[in-house]
Structure formats: C-alpha cells, structure tokens
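Per-entry structural report
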Amino acid sequence: MKALVVERSLPRFAAARLRSTLGMGPGGAVSPVRLADVDAPRPPGPGWHLVRTILSGICGSDLATVEGRSSRWFEPIVSFPFVPGHEVVGHVDSDPSDRVVLEAVLSCASRGIDPPCAACASGRVGNCESISLGALSPGLQTGFCCDTGGGWAGALVAHESQLHRVPDELSDTEAVLAEPVACGVHAALAAPEAEAATVAVVGAGTVGLAVTAALHRFVRPASLVVSARHTHQQKLAVHLGADVTVGSEGTVAAVRRVTRTMTVGGRLTGGADVVYDCVGSAQSLHESLAVVRPRGTIVLAGMPSPARVDLTPLWQREVKLAGAYAYGLEDRTRGARSGDGRPGGVGSGDGGSGDGRRSSFDMAFELVAAAGLGRLVSASYPLDRHEEALAHASSAGRRGAVKIVFEPGARRTPPSGRQSRSAQSRAREA
Amino acid sequence: MRSRLVRAALSKVPAGFPWTAPTWPTSLPRPAARGGLGAAYDTTWARTPVARAVRAALLEAVGRPVSSLVASPEVRGLDRLGELEAPAIFVANHSSHLDTLLVLSVLPPRFRHASIVAAGADYFFDRGWKAVVSAGLLGAIPMERQRVNRQSSEMAAERLAEGWNLIIFPEGGRSPDGWAQPFRAGAAHLWIQSGVPVVPIHISGTRAILPKGTVRVRRAPTVVTFGAPVRARGGEDARRFAVRVEQAVAQLADESATDWWSARLRASADSTPPLQGPEGSGWRRSWALPANDGRSRSDSKRWPGV
Amino acid sequence: MTAGRSGTVGRPGLVLEVDRSTPPTMFWHGDGFRMERLPVGSRVVYPPEPAVPLSDPTAAIREALENPLGDSKPLSALLRAGMRLTIAFDDVSLPLPPMQAPDVRQQVIEAVLDEAARAGVDDVVLVAALALHRRLTEAELRHVLGDRIYDAFAPTGRLTQHDAEDHDNLIHLGQTDRGEDVELNKRAATSDLLVYVNINLVSMDGGHKSVATGLASYRSLRHHHNTHTMVHSRSFMDPASSELHSSNWRMGRLIRDAGVKIFQIETTLDGRSFPDAYGFLNRREWEWKARDRATFLGAKTALDRLPPRLAQTMMQRTRSPYRLTSVQAGEVEAVHDRTIDVVLNQQRVVVEGQADILTMGLTYLGPYNVNSIMNPVLVACLGLGYFFNSYIGKPLVRQGGVVIMSHPTPWAFDPVHHPSYIDFFERVLTETTDPAEMEAKFEESFATDPWYIHLYRTGNAYHGVHPFYMWYWTAHALDHLGAVIVVGGERRAVRRLGFRSASTMQDALEIASDVVGRDPTLTHLHTPPLLMADVR
C-alpha cells in the first residue's frame, strides 16, 4: 500500500524548516515526508475498522508539520513514524456501500480507557485528557499516531467511535470538508457573546471561511467583517455571509467604520466584540488585538505557530483570549436542523446526545450542504504527486485555491491536479 | 540584414514633435516674424567696421579664389560703368546660389567691399544661424518677397542713403528651369524711390555649376556682362521700370550669347529674345535653353576625349 | 474703483481644428504628460492667454477699499474703535496652483488691517473659511497670510479656522423661503463687520457663496451640496443656470436681512498658472520654441522615471506666478457682478456646437489635494466635476456622449487629509456609484461618524461627508454622459469608480465607438490654464 510517511528525522525537519523560511515551499529531496510502500495498519482491537480512503485533505497543521514549523508542544503527543491526514472521507472495508468521515481525535473511547475522562464523559472529546495514554501510542489525532495510519494513504484504521456516516446528499468533495468545517463550527460557537454583536474574522483560508459560514448560520452576529488577503477569498466570504470584506491591510479601518470608534496610533479605541483569529500568526494576533474592544474576546481558531506577541493590550484592555480546538458536542445549536434525516454514526459518535446538544459533525454536514462549501475544494492530487500537492496547498491563497486534497485511489498520474472536484465523486453524483 | 537592424534600432529613437520642431496647423496664419527673425532681423552688426573687415578678408582670400576656380568668370562691359560712383544698385538674373558670390567677386573694388545683398527674408533669415551666416558672410539684408512689406524696402532705402551699394535679384528667387522669371515691380519701386542708378547685369553659366535643387558643385565657365546704368524716367511707374530693366538684362543676355552688334540690331527692332524664354511649357522651354546653361550635367560629357 | 487696465485680456482663446499639419496635442496626465495625435477634424479648445495684470496692485487694493461698489460705505468709514471685526478668507484650495509669495490674500488683508489699526479697532479675529475642508497647516497659513500677519495673530489665538462641528461657535440665523437652514460661524455672524477676502479663480467662487458656504455648518451645507442641486446646476460654473448659486444667494440674502454686515473684497488673477520654467504649459504646441521642447522633454522624462512619490512632490512644489488683474470691494452682489464679468471676460472661449466625445487631460492638482495626493475620487471630481462643468450654455459633449480623461489614477490616498475617502472608496463605491443612492444610504453615517469629525476638528482632515460632495459634483456629468473612459489609469481603481479603462487614446476611441458610433466628433479641452467654454 502506498502511503506518505513522516519520520522522526531532525536533519529532515531542519532542512524543511530552512526551505520554508527561505520561502521555497515544502518538498525537496530531504523533506520529512516521503512516499513509501507500507503494510496497511492492523486494527489494534475490537471496535476498530479498516477504512479505505477516498479523499483526504491537506490541513494547515499538516503543512506546518512537513515544513518543520510546528510547535514542539506536539512532541509528547505524537508518535513516529506516522501517516498524516485527519480530514478523511472513505469506505469502511467491511461495508463498502457506506461512506464515513473521520472524527480524528483519539480520545478515551478509542484508547480503551474506561471509565473515560471527565471531558470525554461530557462529550467534549477535543479536550480529552488521555491522548497519550491507553492502548494506543501517543497521538492527539489520527494522522499523528503511528498505530492508526492516516488519510494520506490507501487505508487507515479507525475506531467505531470516530466514524460518522456521510449523508447521501453530500458528495465526496463535500464530505471531506466535514472535519475542518466541524472545527469551524466549534470555533464559531466558542464565543457565545458573538450573537448580535460586531464580529471580525481575521484570515479567510479554509478555517476562516468555515468560521464565517458557521457564524452566519448558527450565531448570527449583528455585523460580520472578514479580512482576507486574496480577492477570491473575499468573494467567497461575501457568499458565505460576510457583511464587509477587506484586504488584510484594511482590517483596522473596516472594523473602525462598522463600530464607529476612534483610532489612536493605528489601533482602535473601541472595536469588535469578538475577533476570530483564523491564521494563528504573530501578525494576525497583533491585528486581532488592535481591533478587539476592551473586555472583548479573541478566539484562536487557526493553529498558532510559535510567535512573539505583545500581550500588553490583553492586560490593559482586559481582553479574553480563547482557544478553539477540534469538536465535540455543542451546547448552543441555534439554527439546527430538526431530527429527521439526522445522520447516524457507525458507532457511538452519533448526531446528538439526547439532551439537546448536537455534535459538531452533525452541524458541519448541515452547513456544508446549506452553504455549498464543496466549492472550497480546489484541486485533488494522487499520492505520487505529493510534492506538487503540498506546494499547491502551501501557496493556496496566492494561487486562488482554498483546500487541496489527496485522492489515494487515483492510480494514474493525470497531467495536472484535477480542479475542484474529483471525477470519482462526479461519477458518484451521477 | 545589417541595414535592417540599423533601421530597427533607429525606429526606436523617438522621432517627431516634440523632439523636432512643431509643424504649424494649416488653418492658422503664421506670423511673419518670430523673435526678430525674418524681415525684422537687425543686420546692423554685420556693417560694423570689424565685420566689414572680416568679410572683405574672407571675400579676397576665399570667395574670389573659389569663384574663379569653380566658375572661371569672363567679365564683359565693366567699362560701361565709367565714372559711376557709389551708391548703385546692381540688378541681375538669378539661377544659382553662386550668383551672389560671383557678382561680388567681379565687381570693381570700389563697389566690391561696400555692397550689401538683398536676400529673401523667409529663406535666409528664418533661423537664427542662417541669419547670422547670411548677414555676416554676404552682408545680406532681409527682403520680404512674398508680400508687400514696406519695412524691408524702407530698410534697403536707408542703406542706400548711407552709401551702400545693393545687389538685388529682382526675380524674387532662383530660376526653376533656367529661364528667368518676371522682374518684380516691388523691387523697381525701391529703385525709383531711392533715385539710385541701376546697373543691369547678366550672368550665364552658373546654372551648370549649382542649379536650384542640388547641393553638388561642378566646374563650368561663366560669363558676367555689365550693362550701362539705367535711371527711372520722370513719372515712370514701378511696373514699367521693372520691364525696362528686365529688357536691359535681356539685351545683355542676347549680347553674351551672340555679339554686341546683332544684339543691338535685334534690340532696336524690338526682337530681343525674351529673358523668360519661349511661351509654352515642358520640354520645349528646356530645349530652347542656351547650350552652356546646364541642360546636361552628365559626367560622361566631362570625360576628356581620348 | 480699480487702478489700471483691469482684466484686459491677452490673446483670446482659440478653437483649433486638427489637420494633418497639427502637431500632437499635449495632455496633462497627473504628475506627467502625454502626447496624443487627435483624429483629423477634432477640435481643441485653448484657453485665452493671460490677461494684463494691474501695474500697481497695492494702490489698486487701497483704491478699491475706499471706493466700494453698491450700497456700501468706504471701509475706513465702517471701522471704529471698540467694534468687533472679523476678517474671513478663502482657504488653501485657492488659487491653483498656490501662488508665489506674496499671496493676494496677504496683500488685501494687510491693507484692511492697516485701515483697522488707523481706526483703532482692537477686537480683530481672522478666520479661514474652511466649510468642511481640512484645516490649514501653519506653513500654509504663513504662505497665505504672510509671516507678519501670522506672527501678530496666531500666538494670541486671534487667527482661527472655521469649525463646522463646533456647535458652541455656530449660530442658526433662520431658514430661507425654501426651508434651507442657515447656520454660520458665530463669531463672524455676530461681529459688527465681517470682511471677506476672496480669490475668484473660477466663476463658481465668490459672492454670497463665500460666507454662506465657507463659514457654514453641515446642517446648512447639505441644502445645496447634494445630488438634486448638482444635477440641476447646468453648469455649476455658470451663475445664471446654477442651482448651487441660487441656493447660496437665497442664503446670502437671509444673512444680509439677519443683520450681518459684510464687506466683500474679491480679487481676480491673470491666468498665468505656471512659472516660466514650465513655459510650455502656457503655450500652444505649434508655438513651442526649442526651449519649450527641451523643458517639456526634460520634465516628462524626469517625471516618468522618478518614483511616483518624488514626481508628486516635484509637481506639488509648483508655485504659480499669478498676478492681480482686478480687485473690487463693497456690497456682496455688486462686487460679485463685477468680478464675474472680469473672470468670464478672461476665461471665455466661444465653441460652436457639442461633440460626441470630450477629451481632457487631468492634472496632478485639484482644489482638494494641495500638498497632498490626488486620489481616485478626486480624479473623478476634477474631470467630471470641474472640467466637465466649465461651460456656459450647454455641455461641450452631447447628451449620451463620452468623456475620455487622461490620468494615472493611482490607488493611493492621503490618510491624513482624506481618511473618509479611503472608507468611501472601500465601502460606498463597492456598493454603488449612483450619487442619489449613496446620498440616501451612506451620507448620514459618514457625516456623523465621530472619528471623522474628530480628525476634521483636530487634525488636517476633510470632513467625513466630503467625499460624497465630490461624487455629487460629478452627478450632472454622470447623468448626462453615455460612458466615461480613463486613459492610462490604474485599472482596478478606474473600475471601482465605475468608469472604463483604456491604455492608449486609440483604445479609448475604439471603446467610445461602441457608444457614439464609428465616426464621432471630438472636442479636446486644453486646460489648465483655465477656460470657460461658451457653447452655442
């Protein structure tokens, strides 16, 4: 079985880091990721299934890994060698008629820990306290664990608690977005005060656009300003519900205009009630601090990289800085669809908890279909063209793309990455 | 191949206005004098003693040797000038730029270095550098020839009154085809007004050396014939006087082409061949040109017979 | 009244029909120039040459003050000890380009102050009649008034700038019969005498507009600075047909009837807009001498090569050698009648008939970007506002015709002077370019935005509503034209303005042929120096 494998190799990570610092993008002869022929992973125990990958997305955190930029924070909670890829749509090997998406977090249930930790018990799997414990090797998610395999391969193993059946009306390209969109939904709901308030979203990659769409559908802020560097991102943001879009240099002015506050020294005296930082860089956090109002909230939705940021405004203006990671059961499910046609999980990860809360994935399926998020998938590549694929993903904004995906089932090497939608999924729709 | 490259390179060089001088919209009248050029050009500086001395030295040291080398002039009729004193007006037919130099070269010394030349204001004085050359080297003064203009005529009269001799070509320009053009009444007006005697001169052969429209000079023999001074009769108007002077030049032409006596005979029979050549046009006029008047400038003719 | 041969015109303006012997025509192109060969048969309208200036301006000013026009006593008779005297003057938007020192305003105000000193007036305040324009910097005030006046009045706070948002220093005088509020600078309106010193560069300036606009508040201005007025001012440069003019005159009469005593001093300049170093700008192409061609080529090459910022600085440094051609003082309407006569006499060019296409080269400078950046909104205003409206009778271009403007139109804004323009460009023009629609939907929120008000009052920013006024200024043109094309402009910015973009004049004419057919007539407005086309 072909798979893209990441091994622990300091020289390779160092070289990748150098390349990315020099702006050369990922890839090259000494990339930490290489195409290898490996055995398909064995299910480690009962309740595990072999899943054959249809599509698997390239996430910002994956890029950080292959470019050697990710935080050393992850060191104890990953295990090498691993196959990346946690945005996965595939077939369960035992039942090829069913399509599933992966809820990638490896929480207590998959690790065979019983009783589960307090977080898992309350449905907040993203906050699981056992991610490096139990029957499995350390790994916060599938795609960072040496025992499970990952999406950038022909197949992986997944625990039944991780699987969500894909509603039939969603195509493969739409389904592969369920995981990142679930993250967006989770982030959007992380700040309850965003409802009927002035909200700014900084950055409009996959995360920013998913947050924008989720805010528009489930939170309904009074006005929604999206700052996007590229024009195609601005257009998409408008389609997904932004009231105002601006280029990245205009964020402060746009938020000022909407909130009608003053500016002193390039930052606002008042500002937005909630700011979603969907980039995670020092620059974006600085920008978020410049436009958030005193006692406002900044939600970190994009995976941050190690960054130096002056936190004085956080202190002086009593700003709340909140992280938003992964997904789980959501408390606030405004705008939710009623129970009929609710997609059921293969295992325990079903649509709701019975107490009115809904799973992030359930809401993500709804949002992907309602907002037409399938258009965010810009190109798909076979595994053997991984260098091109990673380069494309790394420069997605500049090249007018949003989400790049692998299609491990594609055997041939087409002349170029297929745009927008794979032929396979089109055939399925027909 | 190379020339094409050169042309391609040249085509990249910006050309036309504003790199070159602007053309003038046809619908707008162009002012005659711009910035003291043309008829308004002040030539006083060219008559200062220093300028005169320089000009005289140049004429003796360069002008006359060049003219005798190129034109080998045969001068006739100088005796007719007799005791004539300056100022005088010398009037000649005009077929070449060389005429001015030739006349200056053959004038008797008492006139030679005290003469000024009437030159077309629109041609010799339209640019600063041309005005300087014309006035400085030839002692030219600007003469308006396209339209009636008192100014240039009055200026010439002032010069005559100061004692300068004036050389003037009353055709108002060089001959286009070898035959003369009618003498202008405007010039005759000046002659009458100034009351200065007019000396008719006929020049033949300069067309062979440097005709209008060429820049290459070839050697050829020339004949300069001076006639007896003429004065306007009382009450004679400019037009008539112009015709009379033109006839005097025509008789000199006849004389230089044939001989004095037969010319006199034809003159008294009023059958002097007209200076302006036969009626008609095209080949017949050029066919009728005298042999030495540059009908052919082909090199083969000049090849020494072996 | 006035000494010397006031407003004696030099060589009159000219309408040239382009033929094959006509050299290429110079177009202004922002901080640079273009040479364009216009189609044979096109007409080029050239301004009259500068008028003959007054030989002794100082004497002329004093004579005007002592021999006022209309129902007014001489200035010296109006001044007395113990009175409150306010002297208002036009701001830095006049004249264009700023004139070489000494400025006319300095000369006039010094004469007025001399009289005031002689009469023993202690309470004198100077006020720059800004309306909603930006405040002048110290350097600009020193340039306009001269160091003597600045040093005498600024340190004690007696040199002020009108603040249309300082509600403690505004007074509501009433409403006209059309319900127009008249709210003015309180100090000016409650003085015993208000002396207004104007520079009447174009025929829109001056008269009752000086006080009724220059010293008014937003509440008052919105009655005539709006789409309706601008569409019904045909043109706003022609007092007889300008609704803007009528509204100001109604307000002016109300001000007079409310008891505000105004002594108006108006001046006209000779139209010598550019210094001799740029002699070619004052001359017609076929009369360019070698020196003109050399300076043109030198200037063009330098401006093309220089970084835009430097080119802009170089051009903004231009100071015009304007000289006074007339000065008249006294009662507002009598004074202004005389002034308008002089201005029109100096600027009028008779043009027969309208064309399908009107072309114009736009300069680096308009009234609102002195010492600043000409942003895209100001480009539109200069072309479709000022130049398009430089007519009496009917527009130079027919209804449904095309205007082709040449300007680089960079996507650049001055954040100090034009902060609200940036938001206008990003927020309003992305949504609509229709003046009436933006007036209804956005004007209020920009006009009352506290941040813009703060910058207007304390910084050097135009008022928040000012970009709307710029766009209203184009309303008549937008209403009249079939298309607007910008040659050589930055594409994105031009599209944002709602215009079409062409890289060359040939392309622009091709694009225009979609609107006006394949064989259009064309008129080119060869300005500045300024002219008023009298279209018959």
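Residues numbered from 1 in each chain as written. Chains lettered and ligands numbered in written order. Predicted model: local features only at pLDDT ≥ 70, side-chain atom pairs only at ≥ 80, totals over all residues. Heavy atoms only, no water.

**Description of the overall build of chain C**
The cut-off we apply is this: Numbering of helices and strands runs from the N terminus; a helix is a DSSP stretch of H or I covering at least four residues, while a strand is a stretch of E covering at least two. The globule rule used here is 2.2 Å times the number of residues to the 0.38 power, and the radius of gyration it is set against is calculated over C-alpha atoms. Any pair of residues with heavy atoms lying within 4.5 Å of one another is described as a contacting pair. Reported accessibility uses the Shrake-Rupley method at a 1.4 Å probe radius. Residues are deemed covered only where the shown protein chains occlude them. Neither His nor the chain ends is counted toward charge; the positive residues are Lys and Arg and the negative residues Asp and Glu. Charged groups are reduced to one reference atom each: NZ for lysine, CZ for arginine, CG for aspartic acid, CD for glutamic acid.
Scanning chain C from N- to C-terminus turns up 21 helices and 20 strands. On C-alpha atoms alone, chain C measures out to a radius of gyration of 22 Å, which is about the 24 Å that the 2.2 N^0.38 rule sets for 536 residues. Summarising its shape, the C-alpha atoms of chain C cover approximately 70 × 50 × 45 Å along the three principal directions. Restricting the contact set of chain C to residue pairs at least 6 apart, pairs at least 24 apart contribute 80%. Working note: accessible area of chain C is about 18,300 Å², and carbon and sulfur atoms make up 48% of it. The positive charge centre, built from 54 side chains, and the negative charge centre, built from 64, are 4 Å apart in chain C.

**Considerations on the overall build of chain A**
Put simply, the test is: Only protein chains enter the area calculation, which uses a 1.4 Å probe; residues under 20% of their type maximum are buried, those over 50% are exposed, and those in between are partly exposed.
Across its full length, chain A carries 13 helices and 20 strands. The proportion of buried residues among the 430 residues of chain A is 59%. Of the contacts formed within chain A by residues at least 6 apart in sequence, a portion of 73% connects residues at least 24 apart. Counting every atom, chain A has about 17,300 Å² of accessible surface; 52% of that belongs to carbon and sulfur.

**Here's the deal with the arrangement of the chains**
Most contacts, when the two pairs of chains in contact are compared, are made between chains B and C. The smallest C-alpha distance separating chain A from chain B is 37 Å, and no contact links them.

**Side note on the pairing of strand β13 (residues 348-351) of chain C**
Residue and element names in this part refer to chain C. The line we're drawing: Strands are treated as partners if at least two bridges between them are detected by DSSP.
By the alternation rule, side chains of β13 split into Val349 and Val351, which are all buried, and Arg348 and Val350, of which none is buried. Pairing geometry for β13 and strand β20 (residues 532-535), over four bridges, is parallel. Looking at β20, one finds that Val350 is bridged to Asp534.

**Digging into the interface of chain C and chain B**
Convention followed: Once two parts are brought into contact, the accessible area they lose, counted with a 1.4 Å probe and summed over both, makes up the buried area. Polar contacts here mean pairs of N or O atoms no more than 3.5 Å apart (in protein, one a potential hydrogen donor and the other a potential acceptor; neighbouring residues in sequence count only if both atoms are side-chain atoms). We call Asp, Glu, Lys and Arg charged. Ala, Val, Leu, Ile, Met, Phe, Trp, Tyr, Cys and Pro are nonpolar, and the rest, Gly among them, are polar.
With 16 residues of chain C at the contact, the number on the chain B side is twelve residues. Summing the contributions of chain C and of chain B, the shared interface buries around 1,300 Å²; its carbon and sulfur component is 67%. Sorting the residues of chain C by area buried against chain B places C:Trp286, C:Arg293 and C:Leu297 first, and these three jointly supply 41% of that buried surface. Seen at the junction of chain C and chain B, the total is three residue pairs in polar contact (both at pLDDT 80 or more). The residue inventory of the side of chain C that touches chain B, partitioned by class, reads nine nonpolar, two polar and five charged.

**Some details on the interface of chain A and chain C**
Going by this rule: We count a salt bridge whenever a side-chain nitrogen from Lys or Arg sits within 4 Å of a carboxyl oxygen from Asp or Glu.
Each partner contributes to the interface: chain A provides eight residues, whereas chain C provides eleven residues. For the pair chain A and chain C, the number of links is three salt bridges. Ionic pairing is found between A:Arg256 and C:Asp423, a salt bridge with its closest N-O pair at 3.5 Å. Summed over the shared surface of chain A and chain C, the number is five residue pairs in polar contact (both at pLDDT 80 or more). A total of three residues in the side of chain A that touches chain C trace back to one element, the largest contributor, which is helix α8 (residues 251-259) of chain A. A class-by-class count of the residues in the side of chain A that touches chain C yields three nonpolar, two polar and three charged.

**Brief notes about the pairing of strand β3 (residues 115-120) of chain B**
Residues and elements named next belong to chain B. Of all six residues making up β3, six are buried, and the element is well covered by its neighbours. Neither face of β3 is exposed, since Ser115, Val117 and Ala119 on one face and Ile116, Ala118 and Gly120 on the opposite face are all buried. As judged from the three bridges shared by β3 and strand β5 (residues 165-168), these two strands associate in the parallel manner. When the sheet's bridge partners are listed, Ile116 is paired in β5 with Leu166. Of the pairings in the sheet, the one linking β3 to strand β4 (residues 140-143) comprises four bridges and is parallel in character. Its bridge partner lying in β4, Ala118 is registered against Ile141.

**What to know about the sheet that holds strand β15 (residues 391-392) of chain C**
All names here are of chain C. Rule in force here: Each axis is a line fitted through C-alpha atoms, and for a helix only the stretch in contact is used; angles between axes span 0 to 180 degrees, taken between their N-to-C directions.
Sheet architecture is open: three strands sit in the order β13-β20-β15, paired in parallel fashion. Either end of the sheet is taken by a strand with one partner, and the two such strands are β13 and β15. One ladder, built from two bridges, connects β15 with β20; its direction is parallel. From the neighbouring strand, Ile392 faces β20, where its bridge partner is Asp534. The sheet contacts of helix α12 (residues 332-347) involve β13, β15 and β20, and relative to β13 the element is tilted by about 55°.

**Quick notes on the sheet that holds strand β11 (residues 262-269) of chain C**
Residues and elements named next belong to chain C. Reading across from one edge, β7-β6-β5-β10-β11-β12 is the order of the six strands in this open sheet, with mixed pairing throughout. Each edge of the open sheet carries a strand with a single partner, namely β7 (159-161) and β12 (324-330). Here the average twist between neighbouring strands, direction ignored, is 20°. As defined by bridge partners, strand β10 (residues 193-199) adjoins β11 across six bridges and the pair is classed as parallel. By the bridge assignment for β11, Tyr196 is matched with Gln264.

**Some points on the domain arrangement of chain A**
All names here are of chain A. For the record, the criterion: Domain ranges listed in this record stem from an automatic or a database domain assignment.
Once the domains are mapped, chain A shows domain 1 (2-176 + 372-429) and domain 2 (186-325). For domain 1 versus domain 2, the separation of C-alpha centres amounts to 28 Å. Facing the 19 residues of domain 1 at the interface are 14 residues of domain 2. Summing both sides of the interface, domain 1 and domain 2 together bury roughly 1,300 Å²; the carbon and sulfur share of this comes to 71%.

**Looking at the packing of α8(A) against helix α14 (residues 419-428) of chain C**
So the rule is basically this: Put simply, angles under 35 degrees are roughly parallel, angles over 145 are roughly antiparallel, angles from 65 to 115 are roughly perpendicular, and the rest are oblique.
Look at α8(A) against α14(C): their axes get within 11 Å of each other, and the N-to-C directions meet at 85°. With respect to each other, α8(A) and α14(C) are oriented roughly perpendicular. Together, A:Ala253, A:Arg256 and A:Arg257 of α8(A) and C:Asp423, C:Glu426 and C:Arg427 of α14(C) make up the contact between the two elements. Taken together, the residues that form the contact of α8(A) with α14(C) break down as one nonpolar, no polar and five charged.

**Description of the packing of aromatic side chains**
Filter applied, for reference: Under the pairing criterion, centres of Phe, Tyr and Trp rings, with the six-membered ring standing for Trp, must be within 6.5 Å; the plane angle then separates stacked pairs below 30 degrees from edge-to-face pairs above 60, leaving the rest tilted. Two conditions define a charge sitting above a ring: the NZ of Lys or the CZ of Arg must be within 6 Å of the ring centre, and it must be within 35 degrees of the ring normal.
Evaluation of the coordinates by the stated rule reveals 35 aromatic pairs over all chains. With 4.9 Å between their ring centres and 80° between their planes, C:Trp411 and C:Phe425 make a pair best called edge-to-face. Residue C:Trp411 is located in the loop between β16 (397-406) and α14, and its partner C:Phe425 is located in helix α14; the two are separated by 14 residues in the primary sequence. Ring pairing ties together the aromatic residues B:Phe17, C:Trp28, C:Phe33, C:Phe274, C:Tyr278, C:Phe280, C:Trp288, C:Phe296 and C:Tyr364, which thus form one cluster. Its end group placed over the ring of B:Tyr123, B:Lys130 keeps NZ or CZ at 4.8 Å from the ring centre. The aromatic ring of C:Phe425 is capped on one face by C:Arg496, whose charged end is 5.2 Å from the ring centroid.

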